[in-house]
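Notes for the structure review
Okay, here's what each chain looks like letter by letter:
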Amino acid sequence: MPRPMFSYTKSILERVSFDTKLFCKELEKAVQILLPYEIDQLREWLLQFTEEKPELRQCLIYIN
């Protein structure tokens, strides 16, 4: 079964990745909405996603 909230969160984060401040804000909102196991999956996805965008790494504090 697809995870609509998790998929939606990823798409939003991809769209706002041009702006670090906005990315952090959306990540904060996502952590409040997602279930604990989805946050773990999001953390794994973010580690891969931010390899190409190191300026976004500072936002990872919101999920650790």
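Scroll up to find the structure.
Residues numbered from 1 in each chain as written. Predicted model: local features only at pLDDT ≥ 70, side-chain atom pairs only at ≥ 80, totals over all residues. Heavy atoms only, no water.

**So, the side chain of glutamate 38**
As for its position among the elements, glutamate 38 is in helix H3 (residues 36-49). Exposure remark for glutamate 38: the relative accessible area of 6% places this residue in the buried category. If near-sequence neighbours (up to four positions away) are discounted, glutamate 38 is found in contact with Arg3 and Phe6. (Helix = DSSP H or I, 4+ residues; strand = E, 2+ residues; numbered from the N terminus. Buried < 20%, exposed > 50% of the residue type's maximum accessible area, 1.4 Å probe, protein only. Contact = heavy atoms within 4.5 Å.)

**What about the packing of helix H1 (residues 4-15) against helix H2 (residues 20-33)?**
Orientation of H1 relative to H2, taken along the N-to-C sense of each, is 170°, at an axis distance of 10 Å. Compared by their axis directions, H1 and H2 come out roughly antiparallel. In contact with Met5, Thr9, Ile12 and Leu13 of H1, H2 contributes Phe23, Glu26, Leu27, Ala30 and Ile33. For the contact of H1 with H2, the class distribution of residues is 7 nonpolar, 1 polar and 1 charged. (Axes fitted to C-alpha atoms, helices over the stretch in contact; angles between N-to-C directions. Parallel < 35°, antiparallel > 145°, perpendicular 65-115°, else oblique. Nonpolar A, V, L, I, M, F, W, Y, C, P; charged D, E, K, R; others polar.)

**Description of the nonpolar core**
Judged by nonpolar contacts, the single largest core of 17 residues is most densely connected at Leu13, Phe23, Leu27, Leu42, Trp45 and Leu46. Among the elements of the structure, H1, H2 and H3 are those that each provide at least two residues to this core. In terms of residue count, the dominant contributor to this core is H3 (5 residues). Leucine 46 has contacts with Leu13, Phe23, Leu27, Leu60 and Ile63, leaving out every residue within four places of it along the chain. (Core = buried A, V, L, I, M, F, W, Y, C linked by side-chain atoms within 4.5 Å.)

**Thoughts on the packing of H2 against H3**
The N-to-C vectors of H2 and H3 enclose an angle of 160°; their axes lie 11 Å apart at closest approach. What the angle tells us is that H2 and H3 run roughly antiparallel. Crossing geometry of H2 relative to H3 is assigned as right-handed. For the pair H2 and H3, contact is made by Phe23, Leu27, Ala30 and Val31 and by Ile39, Leu42, Leu46 and Phe49, respectively. By residue class, the composition of the contact of H2 with H3 is 8 nonpolar, no polar and no charged. (Left-handed = near helix turned anticlockwise from the far one by under 90°.)

**A few points about the packing of aromatic side chains**
Scanning the entire structure with this criterion turns up 2 aromatic pairs. Ring geometry for phenylalanine 23 against phenylalanine 49: centres 6.3 Å apart, planes inclined by 15°, an arrangement best described as stacked. Highlighted residues: phenylalanine 23 in helix H2 and phenylalanine 49 in helix H3, separated in sequence by 26 residues. Taken as a pair, phenylalanine 23 and phenylalanine 49 share a single burial class, namely buried. An aromatic cluster of at least three residues, connected via ring pairs, comprises Phe23, Trp45 and Phe49. (Phe/Tyr/Trp six-rings, centres within 6.5 Å; stacked < 30°, edge-to-face > 60°.)

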